[in-house]
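# Structural characterization, general
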Amino acid sequence: MATTASAETQSLPNKKQTFQKSVIKRLAYVAVLCLTALIVFACSFSATDPATTGAQNSGARGAKDTTTKASAKSLIVLWDKGYVIEEDEAIEQVVSDWEAQSGFSVNLSFYNSGETAPRTLRASKAGDLAPDVLFAAKSVYPVSDWGGKLADVTDVVAPLANRYSPNALQVAKVYGSKTAKNRYYAVPLDQSTTHIYYWKDLLTEAGYQPADIPTDWDEFWAFWKMLQFRLSDRYPNMRSIGLPYSVPAYDTYHVFEQALVAYGVELLDERGRLQLNQPEVKAGIVRSLNWYLQFYKEGYVPTSAVNWLDPDNNRNFLDRNVMMTPNPTLSIPAAVRNDPGIYFNKLGTVDFPNKPNGQPLPHLVDIRQAIVFKEAPHQQAAKDFLAYLIQPDVLNAFLKASYGRYMPPSISEIEADSFWQDPADPHISTVVKTVIAGQTHPFYNALNPAYGMVMEENVWGQAIHAMAVEGISAEAAAERAIAQIKSIFREASWKP
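No experiment lies behind these values; they were computed from the predicted model shown.

Before going further, it helps to examine the overall build of the protein chain. A count of helical and extended segments in the protein chain gives 22 helices and 10 strands. Among the 496 residues that make up the protein chain, the fraction classed as buried is 58%. A fraction of 77% describes how many contacts in the protein chain between residues 6 or more apart in sequence connect residues 24 or more apart. Surface accessibility of the protein chain: about 19600 Å² in total, with carbon and sulfur atoms responsible for 53%.

Right under this line is the structure:
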């Protein structure tokens, strides 16, 4: 289990050995990921039961006989493969503890994040056996297809509803009926925000300290441009800003939607209705697109950013090809947590700057959730498992064991454990401070499930990529995006 930052600094003589072990462990994990990717690709066109194929693709529990899915006491659980191996080990421990307590066995299968939900959806449409529990980061996207397929999990969520953040409760309701205001169709497990990570030692080389980073919107971004110029003699190939400009990278819309918030663009009203016909909304979209394009057009972003996948901004940052990058989780600090020299001395974490109008910028928050299907063969056991997992002590231990990459979806749980607010940890404490202060804002799919399809198709990534590669104007890119979003909303089954 991950320890607090202050505890990590107490045994520095052993850190070299710990780091070496960590490197070996991670190399082994990369090998497993590569093998998993090959198997998933080979099976991707199969309409077989996801529980069966998933067991073949699982991490540590993949060797379990897949015939156990037919057992009356075997829970089928599909889970996102973790970014670090400790995430997989953490959920395996939870599963093991619950098995011992409940008498059920669990067929736990891991998939890469982008594949888990689509495979389950395809299998469901084909009439194959649904899993009992699905936990996939991207299960929030095809929500119009989940309509009517999800079990009511109010009996799981309601007992702890007073502990959940308003954002978490809002997202958990969005799968259900408009009239079912107090019913829940997903179980919130964690939350994360988009923050900015940078190299403090590069600031020092350029003659600056973290306190010198501006908080004004325009000055903030100009500061990083200036750093590239200031350090160009020593690092001619390094770029200052690690923004993605590709469609496969969901980080593209994460950052772009922060820009929309910064420029005061409200795509939906409080009832979940589109406002794209309002002239000021379209003008704000164009302004935000032009802002995003400038860094690529002016050479402050690697040219390869038009082809990045989700891990590539992390990789380019950790390889020191860029000086800073926004990221929607604490995966970058997690990647270097076992190297105290980097974690505590070289890596920095900072909030987004204030809006151009000088007001504080709310950070968009992702709420990851687990869902149970109506046709799940062991629906009550699935609910029992999730009710066990979200017990504050169990969930908190699970998230801490995952290196604190995600935070609990409850402010009271964050405040109750010093791990999350330890001032000696410069990264987790910075992100948590933003959440506790209430400076968060849910994505639009919390207001209307149809917007989940906008996220799934990465409409904003398409617009940004077209500007960077095809050279179309921001006005033309905005027109394309607006037409695409309107089409998605017209076809959606859920209407505001």
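The terminal C-alpha atoms of helix α11 (residues 251-262), which comprises 12 residues, lie 17 Å apart, in line with the 16 Å expected from a rise of 1.5 Å per residue. Burial of α11 is extensive: 12 of the 12 residues sit out of reach of the surface. Within α11 the residues assigned to the buried category are D251, T252, Y253, H254, V255, F256, E257, Q258, A259, L260, V261 and A262. Looking one or two residues past α11, G264 carries a phi angle of roughly 70°, positive in sign.

Applying the stated rule across the entire model yields 26 aromatic pairs. Between Y198 and W224, the aromatic rings sit 5.7 Å apart at their centres with planes inclined by 55°, giving tilted as the arrangement. With Y198 in strand β5 (residues 195-199) and W224 in helix α10 (residues 217-230), the pair connects residues that are 26 residues apart, well separated along the chain. Taking the relative accessible area as the measure of exposure, W224 reaches 0% and is therefore buried.

Take the pairing of strand β1 (residues 74-80) next. The element β1 is largely enclosed, with a buried count of seven among its seven residues. Taking every second residue as pointing to the same face, both faces of β1 are buried, with S74, I76, L78 and D80 on one and L75, V77 and W79 on the other. Pairing between β1 and strand β2 (residues 105-111): seven bridges, direction parallel. Across the sheet, residue W79 finds its bridge partner in β2, namely F110. In this fold, the crossover linking β1 to β2 by way of helix α4 (residues 85-102) has right-handed handedness. The pairing of β1 with strand β3 (residues 133-135) spans three bridges and is classified as parallel. Opposite W79, over in β3, you have F135 as the bridge partner.

This part is about unusual backbone geometry. Located in the positive-phi region is R320, a residue other than glycine, with phi close to 60°. Relative to the elements of secondary structure, R320 occurs in the loop between α13 (312-318) and β7 (322-327). Relative accessible area serves as the criterion here: at 26%, R320 is assigned to the partly exposed category. Its identity as a non-glycine residue notwithstanding, N458 has a phi of 50°, on the positive side. One can find N458 in the loop between α20 (450-456) and α21 (459-470). You can call N458 buried: its relative accessible area is 1%.

Read from one edge to the other, the open sheet built from four strands follows the order β6-β7-β5-β8, with strand pairing classed as mixed. Only two strands of the sheet have a single partner each, and these edge strands are β6 (239-241) and β8 (347-350). The sheet shows a mean angle of 25° between the axes of neighbouring strands, direction not considered. In the sheet, β5 pairs with β7 via four bridges, with the strands oriented antiparallel. Along β7, the bridge assignment pairs I196 with P326. Across the sheet, α10 is in contact with β5, β6, β7 and β8; its angle to β6 comes to roughly 170°.

Here the focus is the nonpolar core. Y245, L267 and I285 are the most contacted members of the largest nonpolar core, which totals 149 residues. At nine residues, the largest contribution of residues to this core is made by helix α12 (residues 279-297). With residues up to four places along the chain from it excluded, the contact list for L267 reads L260, R273, L274, Q275, L276, V281, I285, Y444, Y451 and W460.

On to the pattern of salt bridges. Within this structure, the stated rule accounts for 15 salt bridges. The residue E413 makes a salt bridge to R163 at a minimum N-O spacing of 3.5 Å. Pair noted here: E413 is in helix α18 (residues 411-416) and R163 is in the loop between α7 (154-157) and α8 (166-173), with a separation of 250 residues, a long-range link. For R163, a relative accessible area of 28% translates into the label partly exposed. With its nearest N and O atoms 2.2 Å apart, the salt bridge here joins D312 to R315.

The geometry of α10 relative to α12 is characterised by a closest axis approach of 12 Å and an angle of 10° between their N-to-C directions. Here α12 runs roughly parallel to α10, going by the angle between their axes. At the point where α10 passes α12, the crossing takes the right-handed sense. Residues W217, W221 and K225 of α10 pack against W291, Q294 and F295 of α12. Split by residue class, the contact of α10 with α12 holds four nonpolar, one polar and one charged.

Along the chain, T349 turns up in strand β8. With a relative accessible area of 11%, T349 lands in the buried category. Through-space distance from the C-alpha of T349 to that of P326 is 9.5 Å; in sequence the pair is 23 residues apart. Setting aside residues up to four positions removed in sequence, T349 forms contacts with H195, I196, Y197, Y198, P426, H427, T430 and V431. Engagement of the side chain of T349 in a polar contact is seen with the side chain of H427, the distance being 2.7 Å.

In an α-helix there are 3.6 residues to a turn, and that puts residues three or four apart on one side. For α21, built from 12 residues, the straight-helix expectation of 16 Å at 1.5 Å per residue is met to within 8% by its first-to-last C-alpha distance of 16 Å. Looking at α21, one finds that the buried residues are V459, W460, G461, A463, I464, A466, M467 and A468.

Contact pair α11 / α21: the axes reach a minimum separation of 8 Å and the direction vectors enclose 90°. The pairing of α11 with α21 is recorded here as roughly perpendicular in orientation. Of α21, the residues touching α11 (which contributes T252, Y253, F256, E257 and L260) are W460, G461 and I464.

So, how was this worked out
- Residues numbered from 1 in each chain as written.
- Predicted model: local features only at pLDDT ≥ 70, side-chain atom pairs only at ≥ 80, totals over all residues.
- Heavy atoms only, no water.
- Helix = DSSP H or I, 4+ residues; strand = E, 2+ residues; numbered from the N terminus.
- Buried < 20%, exposed > 50% of the residue type's maximum accessible area, 1.4 Å probe, protein only.
- Contact = heavy atoms within 4.5 Å.
- Areas by Shrake-Rupley, 256 points an atom, 1.4 Å probe, with all protein chains shown as cover.
- Expected span 1.5 Å × (residues − 1).
- Phe/Tyr/Trp six-rings, centres within 6.5 Å; stacked < 30°, edge-to-face > 60°.
- Pairing = 2+ DSSP bridges.
- Right-handed = clockwise from strand over helix to strand, strands pointing away.
- Axes fitted to C-alpha atoms, helices over the stretch in contact; angles between N-to-C directions.
- Core = buried A, V, L, I, M, F, W, Y, C linked by side-chain atoms within 4.5 Å.
- Salt bridge = Lys/Arg side-chain N within 4 Å of Asp/Glu carboxyl O.
- Parallel < 35°, antiparallel > 145°, perpendicular 65-115°, else oblique.
- Left-handed = near helix turned anticlockwise from the far one by under 90°.
- Nonpolar A, V, L, I, M, F, W, Y, C, P; charged D, E, K, R; others polar.
- Polar contact = N/O pair within 3.5 Å; in protein donor to acceptor, adjacent residues only side chain to side chain.

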